[in-house]
Amino acid sequence: SESENELWLLGYQYDETTRQGVELELSGELCQNCLFVTANYTYMNARYEDDDLIDGAFLGGFDLDDEEMWGVPTHSASLAVTYLPTADLTLDVRAKMVRDNKSVLEHVPGVTSGEEDENYMVVDASVSYDWKDFTIFAGVNNIFNQEYSEIGIGGLPLFGGIPSLAWPAPERNFFAGIRYVKEF
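So, here's what we can say about the structure. Predicted, not measured: the structure shown is a model, and the values here were computed from it. (Residues numbered from 1 in each chain as written. Predicted model: local features only at pLDDT ≥ 70, side-chain atom pairs only at ≥ 80, totals over all residues. Heavy atoms only, no water.)

## Regarding the sheet that holds strand β6 (residues 134–141)
Okay, so step 1: In space, the seven strands of this open sheet follow the order β1-β2-β3-β4-β5-β6-β9, with antiparallel pairing throughout. One side of each edge strand has no neighbouring strand; the edge strands of this open sheet are β1 (17–31) and β9 (173–180). The mean inter-strand angle of the sheet, taken between neighbouring strand axes irrespective of direction, is 10°.
Okay, so step 2: Sheet topology places β1 next to strand β2 (residues 35–48); 14 bridges connect them, and they run antiparallel. Pairing of Arg19 across the sheet is with Ala46, part of β2. (Pairing = 2+ DSSP bridges. Helix = DSSP H or I, 4+ residues; strand = E, 2+ residues; numbered from the N terminus. Axes fitted to C-alpha atoms, helices over the stretch in contact; angles between N-to-C directions.)

Here it is in structure tokens:
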């Protein structure tokens, strides 16, 4: 027997999509062998195109033609700074910013409202030290403990209604380790 708490999700590969955009990257060495910077920006216009299955009676017959794709941010940028105070010590800081990430089916009739993490910035940092054949490293991801979701779906008018769902990205987390590399 089916439980009232049972949730059914349906995956579907949309027939045609269009993605048009621009990606720019700038990288350089700001001081010889000690400070490296890479900056990246992406603009993406991603849209659903014609799909007979979705346009028909499937899932209530909603029409996504020419709507923005969810899960594909319109704007994203990253910045990475690597500093080598000595030949053996590396400090690394990376930031990623996302704007206008459509995480729910905003334009579908009957969609329930849900969490929308359309804008976020995540910062990570690490340090590593090389000693003989070993590298000792440690770091922290999501330093500011930003709550965000890169993946989400909107609620659908199917089987009595599926709520909006978002899969949260990892909270602040730490890592450390030792790597051994021997070249022959």
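## Section: a nonpolar patch on the surface
Okay, so step 1: Where nonpolar side chains cluster on the molecular surface, the patch consists of Tyr129, Trp131, Phe134, Ile136, Ile178 and Tyr180 and spans about 630 Å² of accessible area.
Okay, so step 2: Among the secondary structure elements, Ile136 is positioned in strand β6. (Patch = residues over 30% accessible without salt bridge, like charges linked within 9 Å, V, L, I, M, F, W, Y side chains within 5 Å. Areas by Shrake-Rupley, 256 points an atom, 1.4 Å probe, with all protein chains shown as cover. Salt bridge = Lys/Arg side-chain N within 4 Å of Asp/Glu carboxyl O.)

## Observations regarding the pairing of strand β5 (residues 120–131)
Remember that side chains alternate between the two faces of the sheet whenever the strand is regular.
Okay, so step 1: Sheet topology places strand β4 (residues 89–99) next to β5; ten bridges connect them, and they run antiparallel. Each residue of the ladder has a partner; that of Val93, found in β5, is Ala125.
Okay, so step 2: Direction of pairing for β5 relative to β6: antiparallel, over a ladder of seven bridges. Each bridged residue has a counterpart across the sheet, and for Ser128 the counterpart in β6 is Phe137.
Okay, so step 3: Hairpin geometry of β5 and β6 is characterised by an intervening segment of two residues between the two adjacent antiparallel strands and by a positive phi of about 55° at Lys132.

## Thoughts on the environment of Glu29
Okay, so step 1: Its location among the elements puts Glu29 in strand β1.
Okay, so step 2: By relative accessible area, which is 41% here, Glu29 ends up partly exposed.
Okay, so step 3: Taking the C-alpha atoms as reference points, Glu29 and Val81, separated by 52 residues in sequence, lie 9.9 Å from one another.
Okay, so step 4: Among the polar contacts listed, one links the side chain of Glu29 to the backbone nitrogen of Asn33, at a separation of 2.4 Å. (Buried < 20%, exposed > 50% of the residue type's maximum accessible area, 1.4 Å probe, protein only. Polar contact = N/O pair within 3.5 Å; in protein donor to acceptor, adjacent residues only side chain to side chain.)

## What about the state of the cysteines?
Okay, so step 1: With the rule as written, the count across this model stands at one disulfide.
Okay, so step 2: The disulfide that involves Cys31 links it to Cys34, with 1.6 Å between the sulfurs. Between Cys31 and Cys34 the disulfide shows an S-S torsion of about -100°. By sign, it is left-handed.
Okay, so step 3: Judged by relative accessible area, which is 28%, Cys31 ranks as partly exposed. (Disulfide = S-S within 2.5 Å.)

## Notes on the packing of aromatic side chains
Okay, so step 1: This model, assessed by the stated rule, comprises four aromatic pairs.
Okay, so step 2: With a centroid separation of 5.0 Å and an interplanar angle of 50°, the aromatic rings of Phe134 and Tyr180 are classed as tilted. Of this pair, Phe134 sits in strand β6 while Tyr180 sits in strand β9; the two residues are 46 residues apart in sequence, bridging distant segments of the chain.
Okay, so step 3: Ring centres of Phe137 and Phe175 lie 6.4 Å apart, and the angle between their planes is 45°; this geometry places the pair in the tilted category. Taken together, the residues span a long stretch of sequence, with Phe137 in strand β6 and Phe175 in strand β9 at a distance of 38 residues.
Okay, so step 4: According to the relative accessible area criterion, Phe175 is partly exposed, its value standing at 32%.
Okay, so step 5: Ring pairing ties together the aromatic residues Trp131, Phe134 and Tyr180, which thus form one cluster. (Phe/Tyr/Trp six-rings, centres within 6.5 Å; stacked < 30°, edge-to-face > 60°.)

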